[in-house]
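Take a look at the letters that make up each chain.
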Amino acid sequence: DLATKLAGIAAAPGNAGIVLDLENLPADAMPGYLDLLQRIRAAMPAGAQLAVTAPAEDATWPLARLAHVTDRVIFMAYDQHWDSGEAGPIASQDWFVRQVEQAQRQIGRDKLVVALGSYGYDWHGGTADALSVEEAWLAAHDSSALPQFDPASGNAAFAYDEDGVRHTVWMLDAAASWNQMQALKQLGIANIALWRLGSEDPGFWDALHAARTGG
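Figured I'd write up the structure that's included with this text. Everything numeric in this text was worked out from a predicted model, so none of it was measured. (Residues numbered from 1 in each chain as written. Predicted model: local features only at pLDDT ≥ 70, side-chain atom pairs only at ≥ 80, totals over all residues. Heavy atoms only, no water.)

Tracing the backbone shows A140 in helix α5 (residues 133–143). Residue classification places A140 among the buried positions, given a relative accessible area of 2%. When the C-alpha atoms of A140 and A64 are compared, they prove to be 42 Å apart, with 76 residues separating the residues in sequence. Sequence-distant contacts of A140, defined by excluding residues within four places in its chain, comprise A145, P147 and F158. (Helix = DSSP H or I, 4+ residues; strand = E, 2+ residues; numbered from the N terminus. Buried < 20%, exposed > 50% of the residue type's maximum accessible area, 1.4 Å probe, protein only. Contact = heavy atoms within 4.5 Å.)

Dropping the structure here:
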């Protein structure tokens, strides 16, 4: 069955486990999803780990139950404002801390992996485009706009007009990541992930190194 087939992936040489990243599930699908996760974990070889992603600020995702049937819960601590909603910070610092604290209480520190965002959104004309941080910087350069750090949210933003359309861009850059990692350190959380490789501010890696080494 599906659970056995997925568990078999973890048995392949060089694989340490599997991650299930199913998003936008309806609430009535959650019992079946929890059952699937439990069956996958039971079928996995010894030493392999099962991880599952879960969104922030969504009460339909039972974090404690997800933690019970998996080895790790990757908590996606971003998209406070997202591409199908209104423009705004992608993960303001106070929102980020509040969401992580709530997740830690339900998941437990040992199983919690906090996924940091490092990307941008360009809201315009009733829609939005996802951008890498470098694409956001390029848009700022081409429009002669100046990205500015927003002290209220800890995120960076800028805006410009093009062909009569207002563009509002928010991003999570290395400065936001640094502040988030400092908050995680205070909470005693060491396990992090990143969404996504290739879209990040190159300075993220310097921030990560400094956070890890105390620099």
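Across the interface, helix α1 (residues 2–9) lies against helix α2 (residues 30–43) with an axial gap of 8 Å and an inter-helix angle of 50°. Relative to α2, α1 is oriented oblique. Crossing handedness for the pair α1 and α2: right-handed. Every residue of α2 that contacts α1 at L2, A3, L6 and A7 is listed here: L36, R39, I40 and A43. Looking at the contact of α1 with α2 residue by residue, the classes come out as seven nonpolar, no polar and one charged. (Axes fitted to C-alpha atoms, helices over the stretch in contact; angles between N-to-C directions. Parallel < 35°, antiparallel > 145°, perpendicular 65-115°, else oblique. Left-handed = near helix turned anticlockwise from the far one by under 90°. Nonpolar A, V, L, I, M, F, W, Y, C, P; charged D, E, K, R; others polar.)

Position of Q99 among the secondary structure elements: in helix α4 (residues 93–107). At 3.1 Å, the side chain of Q99 forms a polar contact with the backbone nitrogen of E57. Residues contacting Q99, with those up to four places away along its chain left out, are A56, E57 and F75. (Polar contact = N/O pair within 3.5 Å; in protein donor to acceptor, adjacent residues only side chain to side chain.)

What follows concerns the sheet that holds strand β3 (residues 72–76). Hydrogen bonding along the main chain pairs the strands of a sheet, whether they run parallel or antiparallel. Ordered by their spatial adjacency, five strands build an open sheet running β1-β2-β3-β4-β10, and the pairing between neighbours is parallel. The outermost strands of the open sheet, each flanked by one partner alone, are β1 (17–20) and β10 (192–195). Strand-to-strand twist across the sheet, computed as the mean angle between neighbouring axes with direction ignored, equals 25°. The sheet contact formed by β3 and strand β4 (residues 112–117) spans four bridges and is parallel. Considered in β4, the bridge of I74 is made with V113. (Pairing = 2+ DSSP bridges.)

The next point concerns helix α6 (residues 174–187). Taking 1.5 Å of rise per residue, the 14 residues of α6 would be expected to cover 20 Å, and the 20 Å separating its terminal C-alpha atoms lies within 8% of that figure. Where α6 is concerned, the buried positions are A174, A176, S177, Q180, M181, A183, L184 and L187. Against the buried residues of α6 lie α4, β4, β8 (155–162), β10 and α7 (204–213). The residue sitting at the N-terminus of α6 and contributing the capping side-chain oxygen is D173; that oxygen lies 3.3 Å from the backbone nitrogen of A175. (Expected span 1.5 Å × (residues − 1).)

Overall, antiparallel pairing links the five strands, which are arranged β6-β5-β9-β8-β7 in an open sheet. Each edge of the sheet is formed by a strand with only one pairing partner; in this case those strands are β6 (127–131) and β7 (148–150). In this sheet, neighbouring strand axes are inclined to one another by 30° on average, regardless of whether the strands run parallel or antiparallel. Here strand β5 (residues 120–124) pairs with strand β9 (residues 165–171) via five bridges, running antiparallel. Looking at β9, one finds that G120 is bridged to M171. Packing of α5 onto the sheet brings it into contact with β6, β8 and β9, and relative to β8 it is tilted by some 45°.

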